[in-house]
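Here are the chains, one letter per residue:
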Amino acid sequence: MGKNENNQNSCYNFWKNGSNPKGLWHHTTMDSYKPVETKWESVLNLDDWVWKGSRPLPCARDPLSNNGTRVTRALLSLLRGGANAIHLREFDLL
């Protein structure tokens, strides 16, 4: 499996294939993840970007985290095309 980010009962996955050579960021619930055929929902198509990773926003800095009990945002590290400068983008997980 690719890079995962768990958000309570959710799972995020970065995936590349022939149709999406730069990748897709998918989301599924943990209940859907358990069966053989996982039902993924694409949340971000990276056609113009190169994926460099993601990390959750610390709960202590997130006003929507319900007193630190859930992750609601992630910071995505992306490169535009083949450039060297990394762009940070905040992504809402709700």
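Structural notes, computed from the coordinates. Because the structure is a prediction, the values reported are computed rather than measured.

Moving on: the sheet that holds strand 5 (residues 49-56). Strand order in the open sheet formed by 3 strands is 5-6-7, with antiparallel pairing between adjacent strands. One side of each edge strand has no neighbouring strand; the edge strands of this open sheet are strand 5 and strand 7 (86-92). Each adjacent strand pair in this sheet contributes to an overall mean axis angle of 25 degrees, direction not counted. Two elements, strand 6 (residues 73-80) and strand 7, share 7 bridges in a ladder whose sense is antiparallel. Following the sheet pairing, serine 77 is matched in strand 7 by leucine 88.

Moving on: the pattern of salt bridges. Counted by the stated rule, this structure contains 1 salt bridge. Note that glutamate 90 and arginine 73 form a salt bridge whose closest N and O atoms lie 3.3 Å from each other. Here glutamate 90, found in strand 7, pairs with arginine 73, found in strand 6; they are 17 residues apart in sequence, far enough to count as distant. The exposure class of glutamate 90 is exposed, given its relative accessible area of 54%.

Bringing the packing of aromatic side chains into the picture now. Applying the stated rule across the entire model yields 4 aromatic pairs. Both rings, one in tyrosine 12 and one in tryptophan 25, keep their centres 5.0 Å apart while their planes meet at 35 degrees; by these two values the pair is tilted. Separated by 13 residues along the polypeptide, tyrosine 12 in strand 2 (residues 10-15) and tryptophan 25 in strand 3 (residues 24-29) bring together distant segments of the chain. The pair tyrosine 12 / tryptophan 25 is uniform in exposure class, with both members buried. For the pair tryptophan 25 and phenylalanine 91, a centre-to-centre distance of 5.0 Å together with 70 degrees between the ring planes defines the contact as edge-to-face. Of this pair, tryptophan 25 sits in strand 3 while phenylalanine 91 sits in strand 7, placing them 66 residues apart in sequence.

Reading guide: rules and limits
Residues numbered from 1 in each chain as written. Predicted model: local features only at pLDDT ≥ 70, side-chain atom pairs only at ≥ 80, totals over all residues. Heavy atoms only, no water. Pairing = 2+ DSSP bridges. Helix = DSSP H or I, 4+ residues; strand = E, 2+ residues; numbered from the N terminus. Axes fitted to C-alpha atoms, helices over the stretch in contact; angles between N-to-C directions. Salt bridge = Lys/Arg side-chain N within 4 Å of Asp/Glu carboxyl O. Buried < 20%, exposed > 50% of the residue type's maximum accessible area, 1.4 Å probe, protein only. Phe/Tyr/Trp six-rings, centres within 6.5 Å; stacked < 30°, edge-to-face > 60°.

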